[in-house]
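Report on the structure
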Amino acid sequence: MTPSASLLLLLLLLGLSQALPLQEEGSKEEAQDTVDITTRILTSNNATNENLLEGDLLAPRTRNAMMCWSQNCLWRKASNGLVMIPFTISNEFTSGEKQMINQAMQVFHSQTCIRFVPRTNEYDYISIENKEGCFSALGRVGGSQVLSFNRQGCLVSGIMQHEMNHALGFQHEQTRSDRDDYIWINWENINPQMAYNFYKQPTNNLNTPYDYSSIMHYGRTAFAIQYGRDTIIPFPNPNVEIGQTRGLSYWDITRIKLLYGC
């Protein structure tokens, strides 16, 4: 083999050795993107000791039911028409992780009148913490309220926007009052002790259509007893995507504007 051919072979092998790890990393990221929002959230919440309803909602302390469509649990609008929501972020998060959280907030800022602003001395505010799991209270509950983004599983833009939307007062799409016209719940594949997670709620649907693509819609295998069998089946098209983690849908954004009068 000539010296030039040897050099060419060496360069080719070096290129392959550098490319292979990138290819594996890309495949890993692609595989993660196929995981629905329910699997991500419930897996992250396995270790928590919090009393959670529907998988990621803190049980209300100040209200008798899981509902939030009165002025009492909405964040207040300022005179300039913007809804200012003070927040703090735990120093357990790195600067890069804090940037990810802020980027998730920017979608609300660019599309709605919601503004997450660093807290100064406000009484009502969101405390973003690195607890065991991804969860939030429903709407404004008064005082300091925890919004948990576990560093190991919750720092995904769609999951963070899902929990932020809970903090604004929005419930899961699959529990809205008219859901039986759009999805079928396979009760046989749900542990009876977990069935309460699928009870319908007296939601204010704001005259908007049922949204399979909502960031608030759980995936088709949520709380399943048998692996691979669906618990939520859409109709008339059973193959429509539910449980996406990409971010707020068109109707998610529209509902925020309607509820808060943006």
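Scroll up to find the structure.
Residues numbered from 1 in each chain as written. Predicted model: local features only at pLDDT ≥ 70, side-chain atom pairs only at ≥ 80, totals over all residues. Heavy atoms only, no water.

1. Focus on the nonpolar core
This is how the line gets drawn: Buried Ala, Val, Leu, Ile, Met, Phe, Trp, Tyr and Cys residues that are joined via side-chain atoms within 4.5 Å together make up what is termed a nonpolar core. Note on classification: 1.4 Å probe, protein chains only; a residue is buried when its accessible area is under 20% of the maximum for its type, exposed when over 50%, partly exposed between these limits. Runs of H or I in DSSP of at least four residues are treated as helices and runs of E of at least two as strands, each being numbered from the N terminus. When checking whether two residues touch, look at their non-hydrogen atoms; a contact exists if any pair is within 4.5 Å.
Counting residues in each nonpolar core, the largest one holds 49 residues, and the members touching the most others are Ile101, Ile128, Phe149 and Met164. In terms of residues, this core owes the most to one element, helix H4 (residues 157–168), which gives five residues. With residues up to four places along the chain from it excluded, the contact list for isoleucine 128 reads Phe87, Thr88, Ile89, Ser90, Phe93, Ile101, Met105, Leu147 and Phe149. In this structure, Leu52, Leu58, Phe135 and Val141 belong to the second largest nonpolar core, which totals five residues.

2. A look at the pairing of strand E7 (residues 144–149)
Definition in use: Two strands pair if DSSP finds at least two bridges between them.
In terms of strand pairing, strand E5 (residues 125–129) meets E7 through five bridges, oriented parallel. What sits directly across from tyrosine 125, in E7, is serine 144. In this sheet, E7 lies alongside strand E6 (residues 134–136) in antiparallel orientation, the contact comprising three bridges. Note on E7: the bridge partner recorded for cysteine 134 is phenylalanine 149.

3. Observations regarding the state of the cysteines
Quick reminder of the rule: Any two cysteine sulfur atoms lying within 2.5 Å of each other are counted as a disulfide.
Applying the stated rule across the entire model yields two disulfides. A disulfide bridge connects cysteine 113 with cysteine 262, and the sulfur atoms are separated by 2.1 Å. One disulfide, between cysteine 113 and cysteine 262, carries an S-S torsion of -70 degrees and so falls in the left-handed class. You can see cysteine 113 sitting in the loop between helix H3 (95–111) and strand E4 (114–118) and its partner cysteine 262 sitting in the segment after helix H5 (250–260), a full 149 residues away along the chain. Classification of cysteine 262 as partly exposed rests on a relative accessible area of 44%. At a sulfur-sulfur separation of 2.0 Å, the disulfide partner of cysteine 134 is cysteine 154.

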